[in-house]
Amino acid sequence: MLQPHKNMSTQSTSNSASQAPRFQDTINNILFPTDFSETADHAFLHALRLSVSLEAKLVLYHVYYDAPVAEGVVPEGIMEAMRAEKVEDALAHFRDYEVRAKKFLKEGVVIEPRVEGGYVTDRIIEASKKLEAGLIVMGTMGQHSDSESILGSITSRIINHVACPILAIPESASTKPFQHLLFATGFGSEEIPMIEEMNDLSDVLNAKLSCIHVSRGDVPYSELEPSMLERIMHIKEHEKVSIYTVNNPDIVGGLRHFISRNEVDMLIIAARPKDVVNETMRETLTAQLVLHSEVPLLVYHLS
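Enquirer: Tell me what's going on with the overall build of the protein chain, and back it up with residues and numbers.
Expert: Per the secondary structure count, the protein chain includes 10 helices and 10 strands. Among the 303 residues that make up the protein chain, the fraction classed as buried is 49%. Long-range pairs, those at least 24 residues apart, make up 84% of the contacts in the protein chain between residues at least 6 apart in sequence. Total accessible area on the protein chain stands at roughly 15,300 Å², and carbon and sulfur atoms take up 50% of it.

Enquirer: Can you tell me about empty space enclosed by the protein, naming the residues and giving the values?
Expert: Tallied over the entire structure, the rule returns 1 cavity of 30 Å³ or more. Of the pockets and cavities examined, the largest cavity occupies roughly 50 Å³. Lining the largest cavity are F23, L50, L54, L135, L167, L201, M266 and L298. Considered class by class, the residues forming the lining of the largest cavity number 8 nonpolar, no polar and no charged.

Enquirer: How would you sum up the packing of aromatic side chains? Please name residues and give values.
Expert: Under the counting rule described, the total for this entry stands at 7 aromatic pairs. Note on F36 and Y97: the rings are 6.1 Å apart at their centroids and 35° apart in plane angle, and the pair reads as tilted. Of this pair, F36 sits in the loop between β1 (29-33) and α3 (38-53) while Y97 sits in helix α4 (residues 76-104), and the two are 61 residues apart along the sequence. Taken as a pair, F36 and Y97 share a single burial class, namely buried.

Enquirer: Tell me about the packing of α3 against α4, and name the residues and values.
Expert: Contact geometry for α3 and α4: axes closest at 11 Å, N-to-C directions at 50°. Relative to α4, the element α3 is oriented oblique. Regarding α3 and α4, the two cross each other, and that crossing is right-handed. Together, A40, D41, F44, L45, L48 and R49 of α3 and Y97, R100, A101 and F104 of α4 make up the contact between the two elements. A breakdown of the residues in the contact of α3 with α4 according to their chemical character gives 7 nonpolar, no polar and 3 charged.

Enquirer: Just give me the short version of helix α5 (residues 120-130), but keep the residues and values in it.
Expert: Of the residues making up α5, those classed as buried are T121, I124, I125, A127 and S128. Along the axis of α5, the buried residues cluster in a sector spanning 165°; they form a single face. In α5, those exposed residues whose orientation departs by more than 90 degrees from the buried face are K129 and K130.

Enquirer: A description of the environment of P33 should follow, citing residues and the corresponding values.
Expert: Note that P33 resides in strand β1. Discounting chain neighbours no more than four positions away, the residues touching P33 are Y61, I124, I136, V137 and M138.

Enquirer: Outline the side chain of S128, listing residues and values.
Expert: On the secondary structure map, S128 appears in helix α5. Assessed through its relative accessible area of 6%, S128 is described here as buried. Here S128 is in contact with L31, A133, I136 and V162, once residues within four sequence places are set aside.

Enquirer: Lay out the sheet that holds strand β9 (residues 266-271) with the relevant residues and their values.
Expert: The 10 strands lie next to each other as β3-β2-β1-β4-β5-β10-β9-β6-β7-β8, forming an open sheet whose pairing is mixed. Strands with a single pairing partner mark the edges of an open sheet, and in this sheet they are β3 (111-117) and β8 (241-247). Between one strand axis and the next, the sheet turns by 25° as a mean value, whatever way the strands run. Inspection of the sheet shows strand β4 (residues 135-140) paired to strand β5 (residues 166-170) by 5 bridges, in the parallel sense. Paired with T140 across the bridge in β5 is P170. Helix-sheet contacts for α4 involve β1, β2 (57-64) and β3, and the interaxial angle to β3 is about 160°.

Enquirer: Report on the pattern of salt bridges, specifying residues and quantitative values.
Expert: The final tally for this structure, using the stated rule, is 8 salt bridges. Among the ionic pairs, R83 bridges to E80, the shortest N-O distance being 2.9 Å. One end of the pair is R83 and the other is E80, both in helix α4 and 3 residues apart, which spans about a single turn. In this structure, the salt-bridge partner of E112 is R114, at a minimum N-O distance of 2.6 Å. Beyond isolated ion pairs, a larger network of salt bridges with shared partners links K57, E112 and R114.

Thresholds applied
Residues numbered from 1 in each chain as written. Predicted model: local features only at pLDDT ≥ 70, side-chain atom pairs only at ≥ 80, totals over all residues. Heavy atoms only, no water. Helix = DSSP H or I, 4+ residues; strand = E, 2+ residues; numbered from the N terminus. Buried < 20%, exposed > 50% of the residue type's maximum accessible area, 1.4 Å probe, protein only. Contact = heavy atoms within 4.5 Å. Areas by Shrake-Rupley, 256 points an atom, 1.4 Å probe, with all protein chains shown as cover. 1 Å grid on protein atoms, 1.4 Å probe; cavity = no way out; pocket = protein on both sides within 12 Å on 5 of 7 lines; lining within 4 Å. Points joined across faces, edges and corners; volume = space filled by probe spheres on them. Nonpolar A, V, L, I, M, F, W, Y, C, P; charged D, E, K, R; others polar. Phe/Tyr/Trp six-rings, centres within 6.5 Å; stacked < 30°, edge-to-face > 60°. Axes fitted to C-alpha atoms, helices over the stretch in contact; angles between N-to-C directions. Parallel < 35°, antiparallel > 145°, perpendicular 65-115°, else oblique. Left-handed = near helix turned anticlockwise from the far one by under 90°. Arc of directions from axis to C-beta. Pairing = 2+ DSSP bridges. Salt bridge = Lys/Arg side-chain N within 4 Å of Asp/Glu carboxyl O.

Structure (C-alpha cells):
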C-alpha cells in the first residue's frame, strides 16, 4: 500500500495543520467509484491528484451487479464462485490503479480498494455514508454518448442523495491540473460559507477562483443583501478571485458560453436544500449540467 505524503515530515504536517484550509479539513476520505471503463480511468488521475492535494485517503470502490436469484434456480455454490470471480477481477484492476499511482506520484497516497455486490447507485450512496466520504469523484459520459441517459441519471441521482461534495469528470475533460475554478452563485447570503471554502480550495490547488451569476436581468450590487455585499467586496480584494454577472435566459447555456471563453477547468455549483428550490427543477438542472458540462462539475451541498 502506498504511504500518505502528509506523514513524510512530522514538522511540515504540524506546521500546516494549524493553517489548513477548512475545505481540506472536511475531507479525510475520497470515494472513487469505478466500473473500470475508459471514462472511469480518465477520472482516476483527477481523484489521485486531489487525494494528494487534500491529504486524503483514496477509496477505490467497485460495485458488481449481484442479481437476486430465486432459491433453487441456480446452485448457491455456482453463485458464490461467480461472485468470487468478479471480486478477483476487480482486485486485479485495483492493482493496476496502484501501479499507475506509483508511477505518477513522487509523494504517496493511501489507497484502499473495496468491492461490493448490488445495485450501483444504492451502494455508492450507502458507501459515502458508511465511509464518511468527504468527496466523491467519478467519471461521466458526454452528451453525445449512447450511455448518456443511464450514466447521467446515475450521477445526478447520487448527487441529489449524498451529503458530501461530488466531482463529476466528463470523459472529454482535460487531465491537466485544475488552474481556474468557476463558482456559479446566486449571490445569496447562505452561500457565504461556501465561497469561503471554495477560496480555500483554490489556495490548496494553487488555482484562480471566479464567481459568476447568470440572470435574466442585471443584478446591481446595491440590491444584494448587506452580508453578501460585504463578502463580495472582501473576496474581490483577493488577487486570484474575480466576479462576473452574465445575462442569459438559459442558465446552462450562459455558463457554457462563459466557460468556453475563459479557460475554466472546474465548474462549481451549490445544491440547495429541497425546501428552498423545487426538487424537480433542481434535479433537472443538475442532470443538464452533468450531461452538458464539458469541464469537471463539483456539486457542493448547502446545509
